[in-house]
Amino acid sequence: MLIDQLYLVVLVLFGLGIISAIVTQDNSKITNYIAHGLAASGCLAAAVCAIAVLGTQGQVITFSLGAPLGVLKVRIDYLAAYFLLTLGVVGTATSIYAIGYSREYYGRRFAVLAALFNAFLLSMVLVLTMSQVVVFVIVWELMTVVSFFLVNHEYEKTANTNAAYLYILMTHVGTAFIAIAFLLLATGSDSLDFALLNGSALPEPMRNAIFLCALIGFGTKAGVMPLHIWLPEAHPAAPSHVSAMMSGIMIKTAIYGMARFFLDFLGVGPAWWGGLVLVLAIISSVLGVLYAIMEHDLKRLLAYHSVENIGIILLGVGAGMVFMSYGQPTLAGLAWAAALYHVFNHAIFKSLLFMGAGAVMSATHTKEVEHLGGLIKKMPYTALFFLIGAAAISALPPLNGFVSEWFTFQALFLLPAAIGGVVGKLSAVVLIALLGLTGALAAACFVKAFGVTFLAKPRSLQAEQAVEVPGLMLTGMGALALICVAAGVWPQWMVGMLQTVVAGHAGVSMDGLFQTSQWYAVGFQVQPGSAAGLITMPVVAILIVIGLIAAYALARAAGNPKAVAGETWTCGINPTARMEYTATGFAEPIRRVFGDILRPVTQISADQACNPYHGVKMSLDVHIRHLINEYMYSPLANGVLFVANSCKRIQAGSLQLYIGYIMVVTVVVMIIGTRW
């Protein structure tokens, strides 16, 4: 009964948030505090509801809507509750942050923005809890349409409008594949209720078709390569608190959909399913981070890292599916636990980083890192929180990103236990090496992002005049930064939760996998007598603290040397921001090493208006070519335009001709229908 009431409270709070934004639209300040306060309350209630479910056996809630709508079923099992908890935690912090951040939108359709933000949160809650196919597809489309309007909120900017339409085009294609997957699945169950959908007894060709449709449909929303092209355009276009929810939660609803199909609906499948997921995952990981390190737009850089981290999540999913296929349920449990752990971790640190980027934009009114610099002195708290997020996404201990990636490495390392012979060993070596490369490039990327943005001298007047953002923005970022530390230093509570979430699915077992009884470590053992793993994050954290204390004590013991403040010696020349490392220069070695993939194009131009006796001003422009866009989407777009232009020939503007077309089609349909 408590869970029913909590769920209703969640829906009511978000509904009131939408209504309050409309009612109070004449006063933006009141709208801001009430609408986003209700959004934060709704997310907090969602988190409490999820925790209550995780402490019970799951919950099915039934609402009678009356004729002709019938009965609406809400199903919150352990899997849904886990994703709902993630939404609740991130949504609460983001909503608090939004109170401070969204002030710059006062007078710019602010009430619409606040109402849509509440509707966006509500739609994601509904996606995670609906238990009927038709209703799920409707709320999935609702989530897409609402996020489309949020991406296009500043529609005066052509780039935003283009990004929004690309986003809705790609996601509607994905929705079509999701609908096909559900329809094929329903043919074997004679039901559209999630609890009754079961594709395990369907013919193998149909199961394969359902798998591929689900992978394409949900993969499009998740941003899996090569279906990712909307993501680096849409996430930077949206307001930063919306970007945080899109990257942190919305694309995870696609992972939720995949988990529903691959764990619940389809069950154990052939090994090539997992193999295909692994291939797409490692491509997304490597190319995502490569494209990220080439970006100088801070939000586009973070968007490409979302592609990378979706790839890391799918490495766990793919490995889990392979283990399920080969009858290794405990290994499958380890891989799925790694994937779901990274779902939570990525939601936390990526939302934190998007908030940090929004704080930088709010203070400087630019997201080009080449125009920033020196912000650590102007915005010290923002710099600290961004640094924690950067370290977490780079999988550095003792933060949360390290733990989930460590579990992923362990799952990949154990692939030969399921896939025998050279193929298994070679697959494990290649995947582990490429995942290690991904981690190294991610660390390099955030050295660039943090260093160029926050260190050295300001590169522009905006950076010079920047000030720290309001306290509510810092509160939202600080909460997520604290979770990054807590989920890394003390992973026992997350591992215990994951055992509850993953257990009970066909082909997956968590029995005896993790040992969490010791305060200083989390251990796992696949089976008695086999190799075991141990991760001692509390010990690592204690050693780091002891090292810092020892360093401080040694520094104090050595005395206080006389500090002389002054500029860096540059051979008698007064140092300026022009002497600093640029983001372009930092990425140059990587651009050269991976030139065959990135295909960089360099353009050097001279300003002819300058006096040649005083020197010529030169400019350098370096950009990369996106091969997937060039060789896949550009030909496809050209083909669509060619067909569209060809169809113009039959549009002669003659009413008689159009009636003739209708008659021809009618006759053809009648012939086909009567099998004449």
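Remember, predicted model here, so these are calculated numbers, not experimental data.

1. Quick look at the overall build of the protein chain
Within the protein chain, the regular secondary structure consists of 24 helices and 7 strands. Its C-alpha atoms give the protein chain a radius of gyration of 27 Å, within 12% of the compact-globule value 26 Å for 676 residues. With respect to the principal axes defined by its C-alpha atoms, the protein chain has extents near 95 × 75 × 60 Å. Of all 676 residues assigned to the protein chain, the portion counted as buried reaches 54%. Summarising the internal contacts of the protein chain: among those between residues at least 6 apart in sequence, 77% fall at separations of at least 24. Of the accessible surface of the protein chain, which amounts to about 28,800 Å², a share of 68% is contributed by carbon and sulfur atoms. For the protein chain, the distance from the average site of its 32 positive side-chain charges to the average site of its 28 negative ones is 4 Å.

2. With respect to helix α21 (residues 583-593)
Side chains that are three or four residues apart share a direction in an α-helix, a result of its 3.6 residues per turn. Turning to α21, its buried residues are Ala583, Thr584, Ala587, Ile590 and Arg591. Buried residues in α21, looked at end-on, bunch into an arc of 120°, giving them a common side. Residues Arg592 and Val593 are exposed on α21 and point more than 90 degrees away from its buried face.

3. Considerations on the UniProt feature "domain: NADH:quinone oxidoreductase/Mrp antiporter transmembrane" (unreviewed entry) in the protein chain
Mapped onto this numbering, the UniProt entry annotates "domain: NADH:quinone oxidoreductase/Mrp antiporter transmembrane" (unreviewed entry) at residues 132-417. The distance from the first to the last C-alpha atom of residues 132-417 is 38 Å, and the span holds 77% helix and 0% strand.

4. A short note on the environment of Gln132
Its place among the elements puts Gln132 in the loop between α4 (110-129) and α5 (133-151). Gln132 gets classed as buried once you look at its relative accessible area, which sits at 18%. A C-alpha to C-alpha distance of 9.1 Å links Gln132 and Ser191, two positions 59 residues apart in sequence. A polar atom in the side chain of Gln132 sits 3.2 Å from the backbone nitrogen of Lys73.

5. Overview of the packing of aromatic side chains
Aromatic rings in a pair are described by how distant their centres are and how their planes are angled relative to each other. Counted under the stated rule, the structure contains 28 aromatic pairs. Relative to Phe149, the ring of Phe148 lies with its centre 5.2 Å away and its plane at 65°, an arrangement referred to as edge-to-face. Classification of Phe148 as buried rests on a relative accessible area of 8%. Linked through ring pairs, Phe136, Trp140, Phe182, Phe194, Phe218, Phe261 and Phe265 together constitute an aromatic cluster.

6. Looking at the pattern of salt bridges
A full pass over the atoms with the stated rule returns 16 salt bridges. Linking Glu630 and Arg625 is a salt bridge whose minimum nitrogen-to-oxygen distance equals 2.9 Å. A residue is classified by how much of its surface remains accessible, and Glu630, at 30% relative accessible area, is partly exposed. Given the relative accessible area of 27%, Arg625 is considered partly exposed. Because the salt bridges share partners, they merge into one network encompassing Arg75, Asp77, Arg260 and Asp264.

7. Overview of the domain arrangement of the protein chain
Domain boundaries assigned for the protein chain yield domain 1 (1-130), domain 2 (132-267), domain 3 (279-522 + 535-547) and domain 4 (627-674). Computed over C-alpha atoms only, the centres of domain 2 and domain 4 are separated by 28 Å. Each partner contributes residues to the interface: domain 2 has 6 residues there, and domain 4 has 4 residues. For the domain 2 and domain 4 pair, buried surface summed over both sides reaches about 360 Å², with 78% attributable to carbon and sulfur atoms.

8. Focus: the nonpolar core
Core analysis: the largest hydrophobic core is formed by 220 residues, its most contacted members being Phe261, Phe262 and Trp336. Per element, the largest residue contribution to this core is 23 residues, and it comes from helix α12 (residues 329-364). Excluding residues that lie within four positions of it along the chain, Phe261 makes contacts with Ala181, Phe182, Leu185, Ile210, Ala214, Phe218, Leu266 and Gly267.

9. Things to note about unusual backbone geometry
For the bond running from Met225 to Pro226, omega is 10°, close enough to zero to count as cis. Secondary-structure assignment places Pro226 in the loop between α7 (204-222) and α8 (231-237). The omega torsion of the bond from Pro397 to Pro398 falls at 5°, within 30 degrees of zero and hence cis. Topologically, Pro398 is positioned in the loop between α14 (380-393) and α15 (400-413). Here the phi dihedral of Ala456 falls at roughly 65°; this positive angle occurs in a residue that is not glycine. On the basis of relative accessibility, which here comes to 52%, the residue Ala456 falls in the exposed class.

10. Description of the side chain of Ser460
Secondary-structure assignment places Ser460 in the loop between α16 (421-454) and α17 (461-464). A distance of 2.5 Å separates a polar atom in the side chain of Ser460 from the backbone oxygen of His371.

11. Looking at the state of the cysteines
If you walk through the whole model with that rule in mind, you get 0 disulfides. Not engaged in a disulfide, the cysteine Cys445 finds its nearest cysteine sulfur in Cys484; these two sulfurs lie 17 Å apart.

12. Side note on the packing of helix α2 (residues 28-54) against α4
The geometry of α2 relative to α4 is characterised by a closest axis approach of 10 Å and an angle of 5° between their N-to-C directions. By the angle between their axes, α2 is roughly parallel relative to α4. Of the residues in α4, those touching α2 at Ser28, Thr31, Asn32, Ala35, His36, Leu38, Ala39 and Cys43 are Phe110, Ala111, Ala114, Phe117, Asn118 and Leu121. Counted by class, the contact of α2 with α4 contains 9 nonpolar, 5 polar and no charged residues.

13. Here's the deal with helix α9 (residues 240-265)
For α9, which comprises 26 residues, the first-to-last C-alpha distance of 36 Å matches the rise-based estimate of 38 Å (1.5 Å per residue) to within 8%. Within α9, the axis deviates most sharply at Met246, by approximately 40°. Most of α9 sits inside the fold, with 25 of its 26 residues counted as buried. Just downstream of α9, Gly267 is the residue with a positive phi angle, here 70°.

14. Concerning the packing of α12 against α14
At a closest axis distance of 9 Å, the pairing of α12 and α14 adopts a crossing angle of 145°. Crossing handedness for the pair α12 and α14: left-handed. Across from Phe349, Lys350, Leu352, Leu353, Gly356, Ala357 and Ala359 in α12, the residues of α14 making contact are Thr382, Phe385, Phe386, Gly389, Ala390, Ala392 and Ile393. Among the residues making up the contact of α12 with α14, the classes are represented as 10 nonpolar, 3 polar and 1 charged.

Criteria and cut-off values
Residues numbered from 1 in each chain as written. Predicted model: local features only at pLDDT ≥ 70, side-chain atom pairs only at ≥ 80, totals over all residues. Heavy atoms only, no water. Helix = DSSP H or I, 4+ residues; strand = E, 2+ residues; numbered from the N terminus. Rg over C-alpha atoms; globule rule 2.2 N^0.38 Å. Buried < 20%, exposed > 50% of the residue type's maximum accessible area, 1.4 Å probe, protein only. Contact = heavy atoms within 4.5 Å. Areas by Shrake-Rupley, 256 points an atom, 1.4 Å probe, with all protein chains shown as cover. Lys, Arg positive; Asp, Glu negative; His and termini not counted. Charge placed at Lys NZ, Arg CZ, Asp CG, Glu CD. Arc of directions from axis to C-beta. UniProt positions renumbered as here; feature names shortened; annotations may be inferred. Polar contact = N/O pair within 3.5 Å; in protein donor to acceptor, adjacent residues only side chain to side chain. Phe/Tyr/Trp six-rings, centres within 6.5 Å; stacked < 30°, edge-to-face > 60°. Salt bridge = Lys/Arg side-chain N within 4 Å of Asp/Glu carboxyl O. Domains from an automatic or database assignment. Buried area = accessible area lost by both parts, 1.4 Å probe. Core = buried A, V, L, I, M, F, W, Y, C linked by side-chain atoms within 4.5 Å. Disulfide = S-S within 2.5 Å. Axes fitted to C-alpha atoms, helices over the stretch in contact; angles between N-to-C directions. Parallel < 35°, antiparallel > 145°, perpendicular 65-115°, else oblique. Nonpolar A, V, L, I, M, F, W, Y, C, P; charged D, E, K, R; others polar. Expected span 1.5 Å × (residues − 1). Bend = angle between axes of the 7 residues up to and from the residue. Left-handed = near helix turned anticlockwise from the far one by under 90°.

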